[in-house]
Amino acid sequence: MRRVRPLKALVTGLFGMTLAAGAVGCGSQAAPKSAPPPREVEVLTLAPSETRDTGEYLGTLLSRQSVNVLPQVAGQVRRIHVSPGQKVEAGTPLLEVDARTESAALENAQAQHSSASANLELARQTRERTEALYKEGLVSAQELERARSQAETAEAASRSASAQVQQRQVQLQFYVVRAPFAGTVGDVLVRLGDYVGATTPLTSVAQADVLEVSVSVPSTRARALQPNTPLEVLDSQGQVLITSPVFFVAPQADPRTQLVEVKAAFRNTVGLRPNELVRARVVYSARNALQLPALAVVRQSGQPFAFVVQAKGEQKVVERRPITLGPLGEQAYVVESGLREGDQVAVSSLQALRDGAAVKPKPAPSSMAKVRPDAGGSGSGGGGTTGGSR
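Residues numbered from 1 in each chain as written. Predicted model: local features only at pLDDT ≥ 70, side-chain atom pairs only at ≥ 80, totals over all residues. Heavy atoms only, no water.

Engineer: Tell me about the side chain of Thr 203, residues and numbers included.
Structural biologist: Relative to the helices and strands, Thr 203 is located in strand S9 (residues 203-218). Classification of Thr 203 as buried rests on a relative accessible area of 6%. Within the structure, Thr 203 has its side chain in polar contact with the backbone oxygen of Asp 187 (distance 3.0 Å). (Helix = DSSP H or I, 4+ residues; strand = E, 2+ residues; numbered from the N terminus. Buried < 20%, exposed > 50% of the residue type's maximum accessible area, 1.4 Å probe, protein only. Polar contact = N/O pair within 3.5 Å; in protein donor to acceptor, adjacent residues only side chain to side chain.)

Below, the structure is given as structure tokens:
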């Protein structure tokens, strides 16, 4: 009986401790769990803006007046009047070919012309005297005819000698090579004393005031081209240097590349050079459409989504909405369907957002709202073009 009392007290103590622990556990389960605060996200309000269907290509600048200068005579270079890069006016002497032989031939022709002129004058005087004597009956008709024939022969000889002089004078002018029009001289390819012929290139003269830009576009895209379609010449950073309408679309495609040549002309006010390769952009069409920044697009299994902010009671939550995208421009996609004007789209913290999550929206930076209007397909052109739209 003495051992039962301590065991009973031990059991009673353990039972009390269990009840106390149970009371503590029930108290912790009853405490409510606090919800996380709404996440702050940047939102962009969608509004229609101009979007352009464009294609970027590699263009070649061509001078509307550019020639390789060749001599029209053979001989040694005696004098060079210009240097490479010099600007010249039409008719400016470029260089001279040794013309001493031709000058001697001209002097000989002039001497023959003088002799023929003297013979003509004598023949005319003889004809006049013979006609006077024939009227008095002192000479026969045969002598009169002979005098007239000699005068006509002398006159023909004089005309022939005069033509020889003119021919030699013209030929002598070819020994001075002149600029055919105003422009800039290219590299001078000959030196003093070099022997040149009719096929020897001397230099070049190009006019860079008015240039043409030539690009080759796919035949499928060329079908949509109309006269006055804008064509833009870009610098290395993609900024527009010159905008000019298309004036020529080739009626035939290149049989090897299936590309169609397109040209636009412009006045060169930015220092471009003939034969320079430049970035060129053809604006096929322009329209107003919604544009969504590329950073605001979430993809899952290839399907693009956007998080649209919606009102749910007193809270703002995001709805993950499937969308259909058009071409990608410089910074944004064209939205074909799934979004409407005025929708607020989350553009930050996208990886942490879930469908139905509460958010605290704030306006996105102004730089995010400004997107370039270009959106187009890939470009291709002659000489290896750059693809994509700008």
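Engineer: How would you summarise the pairing of strand S2 (residues 49-69) if you had to cite specific residues and measurements?
Structural biologist: Along a regular strand, successive side chains alternate from one face of the sheet to the other. Across 12 bridges, the pairing between S2 and strand S13 (residues 277-289) is antiparallel. Directly across from Tyr 57, in S13, lies its bridge partner Ala 280. Judged from the 9 bridges that link them, S2 and S9 form a sheet pairing that is antiparallel. Residue pairing in the sheet places Val 67 in a bridge with Val 205 of S9. (Pairing = 2+ DSSP bridges.)

Engineer: Requested: an account of unusual backbone geometry, with residues and values cited.
Structural biologist: Among all residues except glycine, the phi angle is most often negative; among peptide bonds, the trans geometry is most common. The backbone phi angle of Asn 275 is positive, close to 70°, even though this residue is not glycine. For Ser 301, which is not glycine, the phi dihedral falls at a positive 55°. Tracing the chain through its elements places Ser 301 in the loop between strand S15 (298-300) and strand S16 (303-312). A relative accessible area of 82% places Ser 301 in the exposed class.

Engineer: Hey, could you go over the pairing of S16 for me, with residue numbers and the actual values?
Structural biologist: Where S15 and S16 come together, 3 bridges link them in antiparallel fashion. Pairing of Gln 300 across the sheet is with Gln 303, part of S16. Connecting S15 to the antiparallel partner S16 that follows it, the hairpin turn spans 2 residues, and Ser 301 within it adopts a positive phi of roughly 55°. Bridge count for S16 against strand S17 (residues 315-322) is 8 bridges, and the pairing is antiparallel. Each residue of the ladder has a partner; that of Val 309, found in S17, is Val 318. Hairpin connection between S16 and S17: a loop of 2 residues separates the two successive antiparallel strands, and Gly 313 in this loop has a positive phi of roughly 70°.

Engineer: Residues and numbers for the nonpolar core, please.
Structural biologist: Core analysis: the largest hydrophobic core is formed by 22 residues, its most contacted members being Val 213, Val 215, Val 217, Leu 231, Val 233 and Phe 266. Contributions of two or more residues to this core are made by S2, S9, strand S10 (230-234), strand S11 (240-249), strand S12 (259-267) and S13. Those residues in contact with Leu 231 that lie beyond four places of it in its chain are Val 213, Val 215, Ile 242, Thr 243, Ser 244, Val 246, Val 262, Ala 264, Ala 280, Arg 281 and Val 282. Counting residues in each nonpolar core, the second largest holds 19 residues, with Ala 179, Val 185, Val 196 and Val 205 among its members. (Core = buried A, V, L, I, M, F, W, Y, C linked by side-chain atoms within 4.5 Å. Contact = heavy atoms within 4.5 Å.)

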